[in-house]
Amino acid sequence: MNLRFLFFFILFTCIQVGVMGQNFTFEAIKSYAFPTELVRSKQGDKIAWSIDEKGIRNVYVAEAPSFVARKLTNFKEDDGQEITSISISDDGKWVLFVRGGDHGANFDDEKAVNPAGNAEPQTVRVMQIAFVGGPIRVISEGDFPVISPDNKVVSYIKEGQPWVCKLDTNENEDFLEAPVRLFKTRGSVHSLAWSPKGNKLAFVANRYDHSFIGYFELGKSQVNWLDPAFAKDFSPRWSPDGTQIVFIRTPASGGSTDSLTQRKRIPWSIRKVSLSEGEKSSRVWEAPNTYRGSLPTTQGGTNLFWPRMDRLIFTSYHDGWPHAYSIAPSGGPILLLSPGDFMVEHVRTSADGNMVLFDANTGADITDKDRRHICQVSVDKADMKVMTPGVGIEWSPISVVGGYVYIGAGAQMAPQVMLASSGATRSLTSNLIPAEFPEKLLVQPKQVIFKSLDGLTIHGQVFDSSNGTQKKPAIIFVHGGPPRQMLLGWHYSDYYANAYALNQYLANLGFVVLSVNYRLGIGYGYDFHNPKSAGQWGASEYLDIKAAGEWLAQQSFVDSKKIGIYGGSYGGYLTALGLARDSKLFAAGVDIHGVHDWAHQREIPLESLSGPHKAPDADWATSLSFRSSPISSVDTWKSPVLFIHADDDRNVPFSQSIDLINRLQKKKVPMETMVIVDDTHHWMKFSNALKVFQATADYFKAKLLK
Ligand SMILES: CSCC[C@H](NC=O)C(=O)N[C@@H](C)C(=O)O
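Definitions and cut-offs
- Residues numbered from 1 in each chain as written.
- Predicted model: local features only at pLDDT ≥ 70, side-chain atom pairs only at ≥ 80, totals over all residues.
- Heavy atoms only, no water.
- Helix = DSSP H or I, 4+ residues; strand = E, 2+ residues; numbered from the N terminus.
- Rg over C-alpha atoms; globule rule 2.2 N^0.38 Å.
- Contact = heavy atoms within 4.5 Å.
- Phe/Tyr/Trp six-rings, centres within 6.5 Å; stacked < 30°, edge-to-face > 60°.
- Buried < 20%, exposed > 50% of the residue type's maximum accessible area, 1.4 Å probe, protein only.
- Lys NZ or Arg CZ within 6 Å of the ring centre and 35° of its normal.
- UniProt positions renumbered as here; feature names shortened; annotations may be inferred.
- Core = buried A, V, L, I, M, F, W, Y, C linked by side-chain atoms within 4.5 Å.
- Pairing = 2+ DSSP bridges.
- Axes fitted to C-alpha atoms, helices over the stretch in contact; angles between N-to-C directions.
- Domains from an automatic or database assignment.
- Buried area = accessible area lost by both parts, 1.4 Å probe.
- Near = heavy atom within 4 Å.
- Polar contact = N/O pair within 3.5 Å; in protein donor to acceptor, adjacent residues only side chain to side chain.
- Nonpolar A, V, L, I, M, F, W, Y, C, P; charged D, E, K, R; others polar.
- Salt bridge = Lys/Arg side-chain N within 4 Å of Asp/Glu carboxyl O.

Trainee: For this particular structure, what's the right way to read the overall build of the protein chain?
Mentor: Scanning the protein chain from terminus to terminus reveals 9 helices and 40 strands. For a compact globule of 706 residues, the expected C-alpha radius of gyration is about 27 Å, and the protein chain comes in at 26 Å, within 12% of that figure. Taking the principal axes of its C-alpha atoms as reference, the protein chain extends roughly 85 × 75 × 55 Å. A sequence separation of at least 24 residues applies to 58% of the contacts in the protein chain between residues at least 6 apart.

Below, the structure is given as structure tokens:
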């Protein structure tokens, strides 16, 4: 055999092994471009969105009829500055957006985020750019901009107060006049909403235990309050003719301290008020005073819209599922627009006010329960249609000229902006998926349904790249939130798209991965989402995590001695609980910014634990909260663990990990730690996300693949 032939034989074999091995790096799978913030102009002829390309976030636009995507901004750094609040002026001339902050935070969300360690942190700022392109104008530090319908000004929030600034430029492109504060009022202002004519601005003044709705007329010098009451009023929505406002009302905070551990009802109603001085509001609809009739807490909350003079749209959970409803502004019967055992999310109305679009976990197949599909329904007729059936995941629909756009993905296809028009569907951002992205090498997660230790039905997704013959090490992924649902494909949240990428990578490394949708999660109805004795009041959801571990251990294709567990935030909490309580079942774990001591999670006002405002069950609650916290079980914690936490975490304080690490070190529990300086709960800097998830995979390789 001559050398030349031998060389090519070896080369061919190596290629074959490479292809057969089908391995890819985590960096490769994390190279997808992630779209968010998809919005349209009023007429639906222009759209804009944000794309995160390996941490470099920019605004993209497109316009009818071609809707060819065009990069509008030119930010070049992985600097951790998210883009939010994108809007297009009604005349289509301007695009406004906010750069900076961490809008998924529970506290300090208005503060600068600085994971790049810049000497001068970049503040949260309102920016303006022409839709056709051009220089970016930094209008001001601020957030939540809303452009007036007459395209003359933008209003935004700065230091809890409303400011306004002219949009237009003069002939030599110098932008006119500096921003001015529109008015000053007590409390913190939010939910700015322009009247249709653009001459009045409605808002909510949050004053801690109560909130009022007011409006300010440009050129005047007084704020006008709308039916101020001993209540929390919010979500002001103008009538299309600008003469009335509807809003949501719930009780103000106060009165005798309720039980801490029992479920609470939050009554709510839709009310309508005209703008005449001193006018009282009238009730449009009152939710049933039941647990399910409580204020909905799923995506978008009440999703209140006034799309047409004769119809209001809202979301309620009162039949056990978050559904879209329609009602006349004068009140009367409600019309259920999305009947069935499923939930609606990302609700929007069409430009002409006649249609409602949303995504929902519904369809012809049982696997649709673990997907999202775009649905459309008339505002005044229960004629709902699933527009994107199949095995994909679609979300955030908006109506545009000639059709609708949305973000779509699959088990393998990374999230992309999709246009459905004239009977065809095409991607507007496929060109942004790098060649290195290993789409064809990804596994199709399989839907599994099993019983929890108390009989509750639990859904999960199994990622397994093998044909299920030999026994393999396994890993359980525990999502956070906890009101979340993992899906049979790429997730619509960037935080969980990270997790989906890691689960695919772990499967590619040779693990069986089970992502478990435990109780407290969404997508399976009110009772599943609001279980008894859950969280810090008994951690009943842990039964589902243990059941998932035991389900894996019983599988013929799993090595029951090599089952790992990982999760972030609330998922980190349940990971720590698993390692503390069941080190025999969970051989190793990675706890990413988990909650470890409920008493330090700022969830319960201290005055309800002692003194005159002590809750009736305060002592029982304190004991239950401690016993539901991982710190109470450190004595039985034996398995090795990797702790990861960023110290600018505004959802779960960094101290939660310091506390547990110090306790476990005293017990000489084998551990490794990773600190990410100046990033937040949401890995704003791409290179930090890479570091965190690569470390997670490497830890499991070292502990379970040896
Ligand atoms: C109630 S403990 C806080 C957990 C945290 N929730 C909100 O901040 C969390 O799980 N955050 C992420 C991961 C999420 O909201 O999904």
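Trainee: Explain the packing of aromatic side chains to me, please; I cannot follow it from the model alone.
Mentor: Aromatic rings in a pair are described by how distant their centres are and how their planes are angled relative to each other. As enumerated under the stated definition, the model contains 34 aromatic pairs in all. With a centroid separation of 6.3 Å and an interplanar angle of 80 degrees, the aromatic rings of Phe75 and Phe97 are classed as edge-to-face. Remark: Phe97 occurs in strand β6 (residues 94–99) and Phe75 occurs in the loop between β4 (70–71) and β5 (83–88); sequence separation between them is 22 residues. Across this residue pair, the class does not change: Phe75 and Phe97 are buried. Three or more aromatic residues link up through ring pairs in this structure, and these residues are Tyr32, Phe34, Phe437, Phe463, Trp490 and Tyr500. Across the ring face of Trp163, the terminal group of Lys158 is positioned such that the distance to the ring centre comes to 4.6 Å.

Trainee: Got a minute to help me understand the UniProt feature "domain: Peptidase S9 prolyl oligopeptidase catalytic" (unreviewed entry) in the protein chain in this structure?
Mentor: Taking the UniProt record as the reference, the feature "domain: Peptidase S9 prolyl oligopeptidase catalytic" (unreviewed entry) is found at residues 504–704. For residues 504–704, helix accounts for 37% and strand for 17%, while the C-alpha atoms at its two ends are 17 Å apart.

Trainee: It is not clear to me how unusual backbone geometry should be interpreted in this structure. Could you clarify?
Mentor: Among all residues save glycine, negative phi is the norm, and among peptide bonds the norm is trans. Along the chain, Ala64 connects to Pro65 via a cis peptide bond; the corresponding omega equals 0 degrees. With respect to the secondary-structure elements, Pro65 resides in the loop between β3 (56–63) and β4. Cis geometry is found at the peptide bond from Gly481 to Pro482, where omega equals 5 degrees. For Pro482, the location among the structural elements is in the loop between β35 (472–478) and α3 (494–509). The backbone phi angle of Asn151 is positive, close to 65 degrees, even though this residue is not glycine. On the secondary structure map, Asn151 appears in the loop between β9 (143–147) and β10 (153–158). Overall, the relative accessible area of 15% leaves Asn151 in the buried class. With phi around 35 degrees, His593 is a residue other than glycine that occupies positive phi space.

Trainee: Before we go on, may I ask you to explain the nonpolar core in this structure?
Mentor: General note: in soluble globular proteins, nonpolar side chains tend to be found buried as a group. Grouped together as the largest cluster of nonpolar side chains are 70 residues, with contacts concentrated most on Ile29, Ile47, Trp490, Tyr566 and Trp683. In terms of nonpolar packing, the next biggest core, distinct from the first, is built from 48 residues, Tyr542, Ala580, Trp598 and Val634 among them.

Trainee: Whenever I open this one, the sheet that holds strand β28 (residues 381–386) confuses me. Can you help?
Mentor: Sheet strands pair via backbone hydrogen bonds, and the direction of the pair is either parallel or antiparallel. One open sheet holds the 4 strands; their spatial order is β25-β26-β27-β28, and the pairing between them is antiparallel. Looking at strand neighbours, the two that pair on one side only are β25 (344–349) and β28, the edges of this open sheet. If you compare each strand with its neighbour and ignore which way they point, the axes differ by 25 degrees on average. As paired strands, β25 and strand β26 (residues 355–360) are joined by 4 bridges and run antiparallel to one another. Across the sheet, residue Glu345 finds its bridge partner in β26, namely Asp359.

Trainee: It is not clear to me how the domain arrangement of the protein chain should be interpreted in this structure. Could you clarify?
Mentor: Partitioning the protein chain into structural domains gives domain 1 (30–141), domain 2 (307–432) and domain 3 (446–704). Computed over C-alpha atoms only, the centres of domain 1 and domain 3 are separated by 32 Å. Facing the 23 residues of domain 1 at the interface are 26 residues of domain 3. Between domain 1 and domain 3 lies a buried interface of about 1900 Å² when both sides are counted; carbon and sulfur atoms form 58% of it.

Trainee: In this structure, what is going on with the site of the ligand? I would like to understand it.
Mentor: Not every one of the 14 residues close to the ligand is listed here, only the nearest: Gly481, Arg484, Tyr496, Ser569 and Asn651. Between Ser569 and the ligand, the recorded distance is 2.7 Å, taken from a side-chain N or O atom to an oxygen atom. Contact between the ligand and His681: a nitrogen atom at 3.3 Å from a side-chain N or O atom of the residue. When its residues are assigned to classes, the shell around the ligand shows 5 nonpolar, 7 polar and 2 charged.

Trainee: How should the sheet that holds strand β24 (residues 331–336) be read in this particular structure?
Mentor: With antiparallel pairing, 4 strands are arranged side by side in an open sheet as β21-β22-β23-β24. In this open sheet, the two strands that pair with only one neighbour each are β21 (305–308) and β24. Taking the axes of each pair of neighbouring strands and ignoring which way they run, one obtains an average angle of 30 degrees across the sheet.

Trainee: For this particular structure, what's the right way to read the pattern of salt bridges?
Mentor: Two side chains bearing opposite charge may form a pair once their charged atoms approach each other closely. For the structure on display, the rule yields 24 salt bridges. A salt bridge links Lys111 to Asp108, with the shortest nitrogen-to-oxygen separation between them at 3.5 Å. Given a relative accessible area of 42%, Lys111 falls into the partly exposed group. Residue Asp108 is classed as partly exposed on the basis of its relative accessible area, which comes to 30%. One salt bridge connects Arg372 with Glu345, and the closest N-O pair in it is separated by 2.7 Å. Placement of Arg372 in the loop between β26 and β27 (373–378) and of Glu345 in strand β25 is noted, with a sequence separation of 27 residues between them. The burial state of Arg372 is the same as that of Glu345; both residues are buried. When salt bridges that share partners are traced, they join Asp227, Asp233, Arg249 and Lys280 into one network.

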